[in-house]
Amino acid sequence: MSLVNIISAIGDTSKVYPLVVRDCGIEIPTKVALTYNQNLKDSEEMAKNATRERLLDEYSTSFVWLAGGPIINKICSWLIKKSGFYPNINSNLFKEKQNQGIKYNIDKFEKLAPNEVNEMKKVLSNKSTYQKLLAGKFALSTIIPISLIGFVIPKLNFALTNKIKESKNNKEVISSKNNNNVSFKGISASLANISDVNRMAVIDGGYTVGRVATGRNKYERLENGFRLSMMMFLNFVAPIWIAKGLDKFSGKVFGTNVNLDPKIFADKEFIELIKSGKLELPKENIIEYLDNNPNSKFTQLCKQFCGVKYLKNGVRDPREYINTEKIGKFQTEIETFISEAKKSNNVDKYAKKALRVKSANIFANIGISSFLLAIALPKLTFVLRKIVTGSEAEPGLNN
């Protein structure tokens, strides 16, 4: 993978890569170190217990959080396929719209993609069963990680601490007696189509409830609620705001439009088409354009950045939903970039400058969001802990 591809991956807030970098590479090691230093103010033993709990909790949680959902999702897809259905027909197609919908696509692609159309026909004739399978897929890929992170991992972690304390004849065993029942009702089958990042956000919300419920005392429950709620905001909302703010700021300061992915700025074919004025863009109907121009540069970019998929024979996959609003915004950003690049009188130089600025913005976003998650939030939590409990130590261990 080239450097530009790496920068692009960690800068895409709709994917898991920025979360992996921040969570495993920066946030966890920093939080573990801060936890040790904070609890050392109480005692060496308190620091060891708190650090061990934090280390085990953070990495086991991250593994389930980052990998659990996708793994379970793949297993469920395999089971749906074994049931005789293609597991990835987008349920948004059940809502018939102009130029796309499951019935519309069946009629349009009957001869162009007969195998895929047969899969769609089977789903259409068994719509209720298929939607239940999708709902089950979503439920399992969220409920299992939520249960593990929200209830199982903290219980095991607490049990380990208690066992270590017992072996040293220290404090009385701490027990936790909370209602661990979680109810999920009325989940729409359409949720099965949400992205991995959105699924992780759902898991975050669920396991926050679990961590509050399994807290060993009211102060630990209160701290968990505050800390995890803020982590959700800093993981899923703040990076998007920061990215938009940095791009807008740098656009004004450096006079460069950087609203596209860095891979586009480094795409020599794209730049040459701009210079020659031969980059073709949709003029009216986006879906019709994608179907009639599968090999155009714009279509290739839509495949790369807008989730458009094609079959091996070059026909657009009729089982996939086309987000025309997303593609429309993408096209607008391309048109804006082209206009401003041409005004600069040196498209190559403008694109290289845009690549440098965008790359700097992405690293700055990772740095700012990591600082907020790994340092600012823990420090604020420690301050509030001292105010509320009167102690520097972990509230769950300070009994």
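See the structure above.
Residues numbered from 1 in each chain as written. Predicted model: local features only at pLDDT ≥ 70, side-chain atom pairs only at ≥ 80, totals over all residues. Heavy atoms only, no water.

(A) Highlighting the environment of F254. In this structure, F254 sits in helix α9 (residues 238-254). F254 sits in the partly exposed class, given a relative accessible area of 42%. Residues in contact with F254, not counting those within four places in the same chain, are K353 and V357. (Helix = DSSP H or I, 4+ residues; strand = E, 2+ residues; numbered from the N terminus. Buried < 20%, exposed > 50% of the residue type's maximum accessible area, 1.4 Å probe, protein only. Contact = heavy atoms within 4.5 Å.)

(B) Summary view of the nonpolar core. Residues F270, L290, I327, F330, I334 and F337 are the most contacted members of the largest nonpolar core, which totals 34 residues. In this structure, I327 is in contact with I286, L290, F298, C302, C306, V308 and I322, ignoring residues within four places of it in sequence. Of all hydrophobic cores here, the second largest spans 20 residues; its members include I203, F236, A238 and I242. (Core = buried A, V, L, I, M, F, W, Y, C linked by side-chain atoms within 4.5 Å.)

(C) Local environment of the side chain of D247. Mapped onto the elements, D247 comes out in helix α9. For D247, a relative accessible area of 11% gives the class buried. When residues no more than four places from it in sequence are discounted, the contact partners of D247 are V258, N259, K358 and N361.

(D) Main features of the packing of aromatic side chains. Tallied over the entire structure, the rule returns eight aromatic pairs. On the basis of an interplanar angle of 35 degrees and a centroid distance of 5.1 Å, the ring pair of F265 and F337 is categorised as tilted. In this pair, F265 is assigned in helix α10 (residues 262-265) and F337 in helix α14 (residues 324-343), connecting sequence segments 72 residues apart. Summarising the burial analysis for this pair, F265 and F337 share the class buried. A centroid spacing of 5.5 Å and a plane angle of 55 degrees characterise the contact between F337 and Y350, whose relative ring orientation is tilted. With F337 in helix α14 and Y350 in helix α15 (residues 347-389), this pair connects stretches of sequence that are 13 residues apart. Of the aromatic side chains, those joined through ring pairs into one cluster are F265, F270, F337 and Y350. Above the face of the F85 ring, K122 is positioned so that its terminal group lies 5.4 Å from the ring centre. Its end group placed over the ring of Y86, R319 keeps NZ or CZ at 3.9 Å from the ring centre. (Phe/Tyr/Trp six-rings, centres within 6.5 Å; stacked < 30°, edge-to-face > 60°. Lys NZ or Arg CZ within 6 Å of the ring centre and 35° of its normal.)

Without other data, these values stay purely geometric and don't point to any function.
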